[in-house]
Structures are given as structure tokens and as C-alpha cells.
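Listed below are the residues making up each chain.
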Amino acid sequence: MVNLNNLYKGNYKRYLILPAILLAVFFFLILVFPTVKQGIDLRGGTSIIVRNDTMMDSSLLEKRLLEKYEFSDLQINSVSSPTDYGLLVQYAQSDASASEVQQTIIETFSIKNERIQVNQIGASFGAKFYESGTTAMLAGAVLVTLVVFLFFREIIPSLLVIAAAIFDVLGALAPMALFGIPLSGSTIPALLAMVGYSIGTDIMLTTRVLKRKEKTPAERSSESMATGLTMTFTSIAALLVMAVLSYFMQIQVFFEISAVLLFGLFADIISTWFMNAPLLLWFVEKRGESK
């Protein structure tokens, strides 16, 4: 069993090897293969919401549609609510018109036309939405950087906090690419929430190492790790429950949000305790404080 009290004693710099390797893997998955896909709401396409009083078989509808028409990136997910059942049908392109797809849905589930809502998402609108989401993330990063710098008044620790947040976002995007979870209107807010969580754990670590004076920096880092891991694993447990329930209930939006946050939390363990902590200890050692 690992003794956290001794974790940062000795050659703590060796821990930097793990995040360096993972960072290379993240960039490969995100930029080379398989790459992160954009959702229909970002690149344009057709979105159809179907409501019914009884549960609908998404696999049956998918089979019927694929037998009749050709689709690009057809996705059918549950959007059930406490009052009724629903399906969300999305596709980028098809040789069928939206009305033909709508008619197939009516024939499959014997429902009225009024229970179906069709939305056409133009490519320009999707591009604008993607641009807005990217701008929000960049603006948030700049503001967070400013706040962190004003709090610590030291450039290196502030940059380490931001670097850890970037690592966590990349650590969420890479599994998204691997498992085919698209960048969409539901996953972008999850990534923003991940940034907030990452900043919180790293500020806690940095505050204890730089502001407190009792014990050595290495011992303060170890104590911070015990507190931080308790917080992280509590969040992971809650998100695992959410992911499992949403998976079996076929609520795709909740599943994607919980999955993205889970990916980011596991990345946060690496970025905070195997990247930020060793670099922070290296910083205080160079500044002349005994480790």
C-alpha cells in the first residue's frame, strides 16, 4: 500500500513521466486518430424529437430507417421524462427528406404527427454555435488565469494551475474521441464544469504549499493529496451512479455529461498530483525552501 506521507520525498520529479506520456497520447487521439467529432448541433443536420405515452424501441426505428434510406451519422437516443417517453433522432445528411423520415416514425410507432417535432440545423448556425462555445471556453480560461494570478501574485504557480486545467480538458477530449462521444451543446458545458473543478483542486494544493509554513512543502503536498483524493473519489462515485442509471435508462444527454466529467476527474488525478505537485515542489525548491 502506498504511503502518501512519503510520496513526494526523494526523486519526486520522476512522476512527471506519466503526464508527459499521457499528454502525447491525448494529442494523438484528439488530432490524429480517431479525433473528436462534432455533434449535429455544431456542424448542422436534422434533429427530430418524438414523444409518446409508451416506451419506444430505438433499435427497431433505427433498423426501419436504415432499411429505407441512407444516413450520415444517424443517432437515435432516449430523451425520456417523468411525464412521457421520447426519442431524439439526429443525422447529418440523408437521401430522404425530413417528412419521409417523419412518416417512417409514425408508421413504426403508430403515433400522431403532432407528437413529432422536426428541427433543421443549418451548417452556418452550427458553426456559429461552435464558435460561441469556443469563445466562452477561451474567455473563461483568460478570466481564470487573471483571478489565479491576482490570488497568488506569482506567475509560475498560476501557470501551473492553468496547465493542469488544460490537461484535464485534453484528458476528457481524448476518451471522447476514443468512445465516439461528440463535442456538442451538452458536452461543452461539461468541459467548462471540469475546468472549474480542476481549478479548485489545484488552488487547494497551491495554497497549502505556498501559503502555509508548518512542516515541509513535500509533507504539505501529501496532506493536500489525501484531502483532494477524498473529494475526487466522492465525485467519481456520484458520477458513476449517474452514468450507470442514464445508460440503462437510455438518457443519452445525461450519460454523455457524466462520462465527460468522469474522464476529466481521472485526468485531474494525474494532472494535480503527478504534474502540478512535483512542478510546484520543484519551484519552491529552486526558490530556496527546503523540501
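In this text, all values refer to a predicted model and were calculated from it rather than measured experimentally. (Residues numbered from 1 in each chain as written. Predicted model: local features only at pLDDT ≥ 70, side-chain atom pairs only at ≥ 80, totals over all residues. Heavy atoms only, no water.)

Caption draft 1: Region of the structure containing the sheet that holds strand E4 (residues 85–91). Spatial ordering of the open sheet is given by E3-E4-E1-E6, a layout of 4 strands whose pairing is antiparallel. At either margin of the open sheet sits one strand with a lone partner, and together these are strand E3 (75–78) and strand E6 (116–121). On average, each strand axis in the sheet is tilted by 15° relative to the strand beside it, whichever way the strands run. Both strand E1 (residues 45–52) and E4 contribute to a ladder of 7 bridges, which runs antiparallel. Residue Asn52 lies in a different strand from E4, and its bridge partner there is Tyr85. (Pairing = 2+ DSSP bridges. Helix = DSSP H or I, 4+ residues; strand = E, 2+ residues; numbered from the N terminus. Axes fitted to C-alpha atoms, helices over the stretch in contact; angles between N-to-C directions.)

Caption draft 2: Quick look at the layout of surface pockets. If you add up the space inside the largest pocket, you get close to 620 Å³. What lines the largest pocket is a set of 23 residues, and nearest its centre among them are Met137, Leu138, Val169, Leu170 and Leu173. Of all the elements in the fold, those that place two or more residues in the lining of the largest pocket are helix H5 (123–152), helix H6 (155–179) and helix H7 (187–211). In terms of residues, the lining of the largest pocket owes the most to one element, H5, which gives 8 residues. Residue classes in the lining of the largest pocket are distributed as 19 nonpolar, 4 polar and no charged. (1 Å grid on protein atoms, 1.4 Å probe; cavity = no way out; pocket = protein on both sides within 12 Å on 5 of 7 lines; lining within 4 Å. Points joined across faces, edges and corners; volume = space filled by probe spheres on them. Nonpolar A, V, L, I, M, F, W, Y, C, P; charged D, E, K, R; others polar.)

Caption draft 3: Highlighting the nonpolar core. If you look at the biggest cluster of nonpolar residues, it comprises 57 residues, and the most contacted ones within it are Tyr8, Met176, Leu191 and Trp273. Those elements that provide at least two residues to this core are helix H1 (17–32), H5, H6, H7, helix H8 (217–248) and helix H9 (252–286). The element contributing the most residues to this core is H9, with 17 residues. When near neighbours in sequence (up to four residues on either side) are disregarded, Leu191 contacts Met137, Val169, Ala172, Leu173, Met176, Leu183 and Val260. Residues Ile48, Val101, Ile106 and Ile116 belong to the second largest nonpolar core, which totals 20 residues. (Core = buried A, V, L, I, M, F, W, Y, C linked by side-chain atoms within 4.5 Å. Buried < 20%, exposed > 50% of the residue type's maximum accessible area, 1.4 Å probe, protein only. Contact = heavy atoms within 4.5 Å.)

Caption draft 4: Representation of helix H4 (residues 98–109) within the structure. With 12 residues, H4 should cover 16 Å at 1.5 Å per step; its first-to-last C-alpha distance of 17 Å lies within 8% of that length. For H4, the full list of buried residues reads Ala98, Val101, Gln102, Thr104, Ile105, Ile106, Thr108 and Phe109. Downstream of H4 by a residue or two, Ser110 has a phi angle that is positive, lying close to 55°. (Expected span 1.5 Å × (residues − 1).)

Caption draft 5: Looking closely at the confidence of the model for the chain. Counting all residues, the mean pLDDT for the chain is 89, and 96% of those residues have values of 70 or more. By mean pLDDT, H5 is the weakest element of the chain at 79, and H1 is the strongest at 97. (pLDDT = per-residue confidence, 0-100.)

Caption draft 6: The arrangement of the side chain of Ser58 in detail. Residue position: Ser58 is located in helix H3 (residues 58–68). Classification of Ser58 as buried rests on a relative accessible area of 15%. Filtering out sequence-adjacent residues up to four positions away, Ser58 remains in contact with Ile76, Leu87 and Gln250.

Caption draft 7: Spatial organisation of the packing of H1 against H9. The geometry of H1 relative to H9 is characterised by a closest axis approach of 8 Å and an angle of 135° between their N-to-C directions. The orientation of H1 relative to H9 falls into the category oblique. For the pair formed by H1 and H9, the contact residues are Leu18, Pro19 and Leu22 on the first element and Ile270, Phe274 and Met275 on the second. Tallied by class, the residues present in the contact of H1 with H9 amount to 6 nonpolar, no polar and no charged. (Parallel < 35°, antiparallel > 145°, perpendicular 65-115°, else oblique.)

Caption draft 8: Layout of the environment of Leu29. Relative to the elements of secondary structure, Leu29 occurs in helix H1. Note on Leu29: relative accessible area 15%, which makes it buried. Sequence separation between Leu29 and Leu178 is 149 residues, and the spatial gap between their C-alpha atoms is 6.8 Å. Non-local contacts of Leu29, meaning those with residues more than four positions away in its chain, are made with Pro34, Thr35, Val36, Ala174, Ala177 and Leu178.

Caption draft 9: Structural detail: the environment of Val50. Tracing the chain through its elements places Val50 in strand E1. Linking Val50 and Phe109, residues 59 residues apart in sequence, is a C-alpha distance of 9.9 Å.

Caption draft 10: Inspection of the pattern of salt bridges at higher detail. All chains considered together, the criterion is met by 8 salt bridges. Residue Arg115 pairs with Asp53 through a salt bridge whose shortest N-O separation is 3.7 Å. Here Asp53 lies in the loop between E1 and H3 and Arg115 lies in the loop between H4 and E6, a separation of 62 residues in the sequence. Asp53 gets classed as exposed once you look at its relative accessible area, which sits at 57%. Across the pair Arg115 and Asp84 runs a salt bridge whose closest N-O atoms are separated by 3.9 Å. One end of the pair, Arg115, is in the loop between H4 and E6; the other, Asp84, is in the loop between E3 and E4, and 31 residues separate them in sequence. Overall, Arg115 belongs to the partly exposed group, its relative accessible area being 26%. A cluster of three or more residues bridged by salt bridges with shared partners is formed by Arg51, Asp53, Asp84 and Arg115. (Salt bridge = Lys/Arg side-chain N within 4 Å of Asp/Glu carboxyl O.)

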